[in-house]
Amino acid sequence: QVQLVESGGGLVQAGGSLRLSCTASGSTFSRYGMGWFRQVPGQEREFVAAISWSGDTSYRDSVKGRFTISRDNAKNTVYLQLNSLKPEDTAVYYCNVVNTIVAVRASPLLQWGQGTQVTVSS
C-alpha cells in the first residue's frame, strides 16, 4: 500500500522558515514527478511546487524566490524549503506524485496523506 507522510510543519512568525518533508512508502517514485500542494479550510487545494524525476522544478508565482523544492530519490523523499514566510502561506501542505510538473496541469496521482500544518503569524 502506497503511503505519503508529510512532516515539518509548525508555527512561525512572518519572515521565518520551515522545511517540509514528504516520504513515500510502499513504492519507489524516483522516476515520477513529485509535487507540493496546500489547502486553506473552505478553499480548494492549490498547486505550490513540483519537481521532475530529473530535477526540473516549477512554482506558483506567489512562492517563487521564497520556496525551494528538492528531492532525495535514495530516500524516496521530497522536500519543500519555505523561506520568508507570509501569513498568506498559512495552510495544510500536502505532497503527491504528479502527472506533470507544469503548474496549471499538475494533478495528483495518489490518495492524499494527512498533510502538515503551516501557520505563519504576523
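Presented here is an overview of the structure given in this document. All figures in this text were calculated on a predicted structure; none of them were measured in a lab. (Residues numbered from 1 in each chain as written. Predicted model: local features only at pLDDT ≥ 70, side-chain atom pairs only at ≥ 80, totals over all residues. Heavy atoms only, no water.)

**Focus on empty space enclosed by the protein**
- What the rule picks out here adds up to one cavity of 30 Å³ or more.
- Of the voids in this model, the largest cavity is the one considered here, and its volume is about 60 Å³.
- What lines the largest cavity is simply Phe-29, Ser-30, Met-34, Arg-71, Asp-72, Asn-73, Asn-76, Thr-77 and Val-78.
- Of all the secondary structure elements, the ones that give two or more residues to the lining of the largest cavity are strand 7 (67–72) and strand 8 (77–82).
- Broken down by class, the residue content of the lining of the largest cavity amounts to three nonpolar, four polar and two charged. (1 Å grid on protein atoms, 1.4 Å probe; cavity = no way out; pocket = protein on both sides within 12 Å on 5 of 7 lines; lining within 4 Å. Points joined across faces, edges and corners; volume = space filled by probe spheres on them. Helix = DSSP H or I, 4+ residues; strand = E, 2+ residues; numbered from the N terminus. Nonpolar A, V, L, I, M, F, W, Y, C, P; charged D, E, K, R; others polar.)

**Brief notes about the pairing of strand 5 (residues 46–51)**
- With five of six residues buried, strand 5 lies mostly within the body of the structure.
- As paired strands, strand 4 (residues 33–39) and strand 5 are joined by five bridges and run antiparallel to one another. For Gly-35, the partnering residue across the bridge sits in strand 5 and is Ala-50.
- Relative to strand 6 (residues 57–59), strand 5 is paired through three bridges, and the arrangement is antiparallel. Residue pairing for strand 6: Ala-49 is matched across the bridge by Tyr-59.
- Turn length for the strand 5-strand 6 hairpin, with the two strands adjacent in sequence and antiparallel, is five residues, and the turn residue Gly-55 shows positive phi of about 105°. (Buried < 20%, exposed > 50% of the residue type's maximum accessible area, 1.4 Å probe, protein only. Pairing = 2+ DSSP bridges.)

Honestly, it's all geometry; don't read function into it.
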